[in-house]
Amino acid sequence: MSEQDQEGRNQRVISEFRANGGRVGGFYAQMSLLLLGTTGRRSGRRHTTPLSYLADGDRYVVVAAAGGAAADPHWYRNLVTRPQVTVEVGRVEFEATALVLAGAERAELFQRFAAAQPVLTRYQDMTARPVPVIALIQSR
């Protein structure tokens, strides 16, 4: 899928998410979905990306699988540079800090996420890069 096609699909999902209190149909219908707002590392512009998530206590966990692509997705590179993000879950929006997980914590949460969404294992197998696992921690 071209970057332009992906952007168009994302915009349709974002509109549907906001119009329906976080519910969407199609590909995302059976997933827990959030909207992640990042700031472009070069442009400084705000970007919104729909992502599936795993609830982990009082934080949300997302993965930068990019469908098994060789490179990390733009939203991930943005949050590494600027970890202050916004998160929309249902009708609730809040500020959060993105924390890239490592070691045993990363491995355990990737396994839990992959158990809920088996396609993640295939995406990891398709790329040489370790798929990043990110915790979104609500700012207090």
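About the thresholds
- Residues numbered from 1 in each chain as written.
- Predicted model: local features only at pLDDT ≥ 70, side-chain atom pairs only at ≥ 80, totals over all residues.
- Heavy atoms only, no water.
- Helix = DSSP H or I, 4+ residues; strand = E, 2+ residues; numbered from the N terminus.
- Buried < 20%, exposed > 50% of the residue type's maximum accessible area, 1.4 Å probe, protein only.
- Contact = heavy atoms within 4.5 Å.
- Salt bridge = Lys/Arg side-chain N within 4 Å of Asp/Glu carboxyl O.
- Core = buried A, V, L, I, M, F, W, Y, C linked by side-chain atoms within 4.5 Å.
- Axes fitted to C-alpha atoms, helices over the stretch in contact; angles between N-to-C directions.
- Parallel < 35°, antiparallel > 145°, perpendicular 65-115°, else oblique.
- Nonpolar A, V, L, I, M, F, W, Y, C, P; charged D, E, K, R; others polar.
- Arc of directions from axis to C-beta.
- Pairing = 2+ DSSP bridges.

Colleague: What's the story with the side chain of N10 in this structure? I'm lost.
Modeller: Here N10 shows up in helix α1 (residues 3-19). You can call N10 buried: its relative accessible area is 8%. If we ignore the near neighbours within four places in the chain, the residues touching N10 are T49 and P50.

Colleague: It is not clear to me how the pattern of salt bridges should be interpreted in this structure. Could you clarify?
Modeller: When charged atoms on two side chains of opposite charge get close, those side chains can pair. If you walk through the whole model with that rule in mind, you get six salt bridges. With a closest N to O distance of 2.8 Å, R59 and D56 form a salt bridge. With a closest N to O distance of 2.9 Å, D56 and R112 form a salt bridge. Here the residue D56 occupies a position in strand β3 (residues 54-56), and R112 occupies one in helix α3 (residues 103-116), the gap between them amounting to 56 residues. Through salt bridges that share partners, D56, R59, E105, E108 and R112 make up one connected network.

Colleague: Explanation requested: the nonpolar core in the structure shown.
Modeller: Nonpolar side chains tend toward joint burial in soluble globular proteins. Counting residues in hydrophobic clusters, the biggest one holds 17 residues, and the most contacted among them are L34, L36, W75, V87, I134 and L136. Listing elements by their share of this core, those giving two or more residues are β1 (33-39), α2 (74-81), β5 (84-89), β6 (92-100) and β7 (133-138). In terms of nonpolar packing, the next biggest core, distinct from the first, is built from 14 residues, A65, L120, Y123 and V131 among them.

Colleague: Got a minute to help me understand the packing of α3 against helix α4 (residues 119-126) in this structure?
Modeller: Any two packed helices are characterised by the angle at which their axes cross and by the distance between the axes. Where α3 contacts α4, the axes come no closer than 7 Å and their chain directions differ by 125°. By the angle between their axes, α3 is oblique relative to α4. Of the residues in α4, those in contact with R106, F110, F113 and A114 of α3 are L120, T121 and Q124. Of the residues belonging to the contact of α3 with α4, the class tally is four nonpolar, two polar and one charged.

Colleague: Just to check I follow, could you spell out α2 for this structure?
Modeller: Spacing of three or four residues puts side chains on the same side of an α-helix, whose turn is 3.6 residues. Listing the buried residues of α2 in full gives W75, Y76, N78 and L79. The buried residues of α2 occupy an angular sector of 160° when projected down its axis, which confines them to one face. Against β1, β2 (46-52), β4 (59-63), β5, β6 and β7 lie the buried residues of α2.

Colleague: What's the story with the environment of V87 in this structure? I'm lost.
Modeller: In this structure, V87 sits in strand β5. Ignoring anything within four residues of it in the chain, the contact list for V87 reads L34, L35, L36, V92, E93, F94, A96 and L136.

Colleague: Mind showing me how you'd approach the pairing of β7 here?
Modeller: Remember that side chains alternate between the two faces of the sheet whenever the strand is regular. As paired strands, β4 and β7 are joined by five bridges and run antiparallel to one another. Bridge assignment links V62 to a residue of β7, and that residue is I134. As paired strands, β6 and β7 are joined by five bridges and run antiparallel to one another. Looking at β7, one finds that L99 is bridged to A135.

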